[in-house]
Amino acid sequence: MPAPSARRLSALKAAPVADKRDAILRAAIKVFARSGFFQSQVADVARVAGVAAGTVYLYFRSKDDLLVSIFDRTMKDAIAEGRAALAGVTDPVDRLRRMARLHLDRLGRDRDLAVVVQVELRQSIKFMERFSSTHLQDYLNLIRRTIADGQAAGAFRTDVSANTAAKVFFGALDETATNWMLSRRKYSLSGEADNVVDLLIGGLGR
C-alpha cells in the first residue's frame, strides 16, 4: 500500500483542527446568544464546546476574538454564497432577489446566529467600527455593483446613488431580520425577501 502524500498528511492533520475550531465557534454563538456577550465567559464557551478553557485559547486569543471570528466567518460565507448565487445571472432584479433570500435564509435557519449578529455585535462602538471597515464593506460592494449594473443596463433609475441604494437595501434586510428575531409570531424570515426587493424596486424602477 503506497504511503500517503505530504499533501494528504497535511490535510489529515488540519481537519481535526478545523473541526475543533468550528465546534468552539458554534458554542460561542450559542452562549453569546443566550447569555449575552458581556455576561459570558470563555469558560462558558469551553463548557458548551466540551473542551477545556485552555483549549479555547489555542484557537482564539480572547472572548473578543471569538466574537470577531463569528462575524468574519459569517460575512465570508455570505460573500462567497452571494457570488456563487449571482454567477451567470444577468437580470438585475433576479440578482437582488437571490441576495435577499440568501441573506434572510442564513439568519432564519439559525436564531442564535441572528441574535449574535443583530444584537450582540452592535453593543460596542469598537466592534461596530471594525466590522464596518472589513467584510461588511465587501458585502455592501456586492450589492452596490448589482445595482450599478442594473442602472447601466437601463433597468434602474440612474439619478439614485448606487451606494445609497445598497445601504438602503441592506438596512431593509437588516431591520427585517431584527423584527423576525424579536417577534413572538412564527413565520418564515426568507419569505420576506420578495417584499423587501419589491419595495426597493418600487423606488428604483422606471
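Residues numbered from 1 in each chain as written. Predicted model: local features only at pLDDT ≥ 70, side-chain atom pairs only at ≥ 80, totals over all residues. Heavy atoms only, no water.

Peer 1: Describe the overall build of the chain, naming the residues involved and giving the relevant values.
Peer 2: On a plain count of helices and strands, the chain comes out with 10 helices and zero strands. In the chain, the succession of helices and strands from N to C terminus is α-α-α-α-α-α-α-α-α-α. Here the chain holds 206 residues, and the buried ones make up 43% of them. Looking at the chain alone, contacts between residues at least 24 apart form 73% of all its contacts between residues at least 6 apart. Carbon and sulfur atoms make up 52% of the accessible area of the chain, which totals about 11300 Å². (Helix = DSSP H or I, 4+ residues; strand = E, 2+ residues; numbered from the N terminus. Buried < 20%, exposed > 50% of the residue type's maximum accessible area, 1.4 Å probe, protein only. Contact = heavy atoms within 4.5 Å. Areas by Shrake-Rupley, 256 points an atom, 1.4 Å probe, with all protein chains shown as cover.)

Peer 1: Could you give me a rundown of the pattern of salt bridges, with the residues and numbers involved?
Peer 2: Should the charged atoms of two oppositely charged side chains come close, the side chains can pair. Taken as a whole and judged by the stated rule, the model has 13 salt bridges. Between R61 and D65 there is a salt bridge, with its nearest N and O atoms 3.6 Å apart. Residue classification places R61 among the exposed residues on the basis of a relative accessible area of 70%. A salt bridge links D94 to R98; the shortest N-O distance between them is 3.6 Å. Here D94 and its partner R98 are both found in helix α5 (residues 92-108), four residues apart, which amounts to about one turn of the helix. Residue D94 is classed as partly exposed on the basis of its relative accessible area of 26%. Beyond isolated ion pairs, a larger network of salt bridges with shared partners links R97, R101, D194 and D198. (Salt bridge = Lys/Arg side-chain N within 4 Å of Asp/Glu carboxyl O.)

Peer 1: I'd like a description of the packing of aromatic side chains, backed by residues and values.
Peer 2: Applying the stated criterion across every chain, the model contains three aromatic pairs. Put simply, the rings of F32, F37 and F38 pair up and form one aromatic cluster. Between the NZ or CZ atom of K63 and the centre of the ring of F37, over which it lies, the distance is 4.5 Å. (Phe/Tyr/Trp six-rings, centres within 6.5 Å; stacked < 30°, edge-to-face > 60°. Lys NZ or Arg CZ within 6 Å of the ring centre and 35° of its normal.)

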